[in-house]
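Descriptive analysis of the structure
Each chain, written out:
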Amino acid sequence: MHKFALIFCFASSMASTAFAEGDYDNGKKLAKSWHCTNCHGVTGNERWPVKGEVLASIPMLAGQPAGYLIRTLNQYKTRERVDDHEISKMSERAQSLSDQDIEDISAYFSAQKRY
Ligand code: HEC
C-alpha cells in the first residue's frame, strides 16, 4: 500500500514540474525574438558548431527539464555561471530576460522532442 502511495505522489509531482507555470506559446515567440533559436535551433536540438570553430559546442536544450533550464539561465544572469565568449555571451544575453521570459522559454524548450 505504502509503495503505491509513494509512486503516485512521485508521478504527480513529476507531472506538475513538467508543466510548470511557463507559457509555451509565449516562450516559442521569445525564443525566436531573442535569437535563441539562431544557435540552439528552432526545437533546441542544435548541438554542434554552427558558427565554425570559435563556438566549440552548442548544448542541447530540447527535452531538458524546465527547472534545469530555469536554474541555468538564472545562473548566467547572476554570473554564477559565466559565458563571456564573444559570440555566445550567454551571461550577457540572460541579463535581458525577465523571470517570466525565462520560465516561458524554458517551458518551450523542455517540451521539445530530442533527436
Ligand atoms: C550566438 C549563439 C547563442 C545564442 C544566440 C544563444 N545561445 Fe544559449 N548557449 C550558446 C552556447 C555556445 C552555450 C554554451 C556556453 C557555455 O559554455 O556556458 C549556450 C548555453 C545555453 C544554456 C545552458 C545549457 C546547458 O545545459 O548547459 C542555456 C539554457 C541557453 N544557452 C539558453 C539560451 C537562450 C534562452 C537563449 C536566448 C535568450 C540563448 N541561449 C541564445 C549559444 C547561444
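Structure: see above.
Only a predicted model underlies this, so the values are computations on that prediction, with no experimental measurement involved.

It is worth spelling out the layout of surface pockets at this point. Of the volumes computed, that of the largest pocket is approximately 600 Å³. If you trace the largest pocket, you find 30 residues lining it, with H40, L61, L73, Y76 and M90 closest to the centre.

This part is about the site of the ligand. With respect to spatial proximity, 22 residues lie near the ligand, and among them C36, C39, H40, Y76 and M90 are the closest. At 2.8 Å from a nitrogen atom of the ligand is found a side-chain nitrogen or oxygen belonging to H40. Within the contact set of the ligand, an oxygen atom lies 2.8 Å away from a side-chain nitrogen or oxygen of R81. Comparing atom positions with the cavity grids shows the ligand to sit within the largest pocket. Of all the secondary structure elements, the ones that give two or more residues to the shell around the ligand are α3 (36–40), α4 (66–77) and α5 (90–95). Considering every element that reaches the shell around the ligand, the biggest residue donor is α4, with 5 residues. Of the residues that constitute the shell around the ligand, the class distribution is 14 nonpolar, 5 polar and 3 charged.

In this section: unusual backbone geometry. At H35, a position not held by glycine, the phi torsion is positive, near 70 degrees. Tracing the sequence through the fold places H35 in the loop between α2 (24–33) and α3. Residue classification places H35 among the partly exposed positions, given a relative accessible area of 46%. Located in the positive-phi region is R79, a residue other than glycine, with phi close to 65 degrees. Position of R79 among the secondary structure elements: in the loop between α4 and α5.

What counts and how
- Residues numbered from 1 in each chain as written.
- Predicted model: local features only at pLDDT ≥ 70, side-chain atom pairs only at ≥ 80, totals over all residues.
- Heavy atoms only, no water.
- 1 Å grid on protein atoms, 1.4 Å probe; cavity = no way out; pocket = protein on both sides within 12 Å on 5 of 7 lines; lining within 4 Å.
- Points joined across faces, edges and corners; volume = space filled by probe spheres on them.
- Near = heavy atom within 4 Å.
- Polar contact = N/O pair within 3.5 Å; in protein donor to acceptor, adjacent residues only side chain to side chain.
- Sits in = over half its atoms within 2 Å of the grid points.
- Helix = DSSP H or I, 4+ residues; strand = E, 2+ residues; numbered from the N terminus.
- Nonpolar A, V, L, I, M, F, W, Y, C, P; charged D, E, K, R; others polar.
- Buried < 20%, exposed > 50% of the residue type's maximum accessible area, 1.4 Å probe, protein only.

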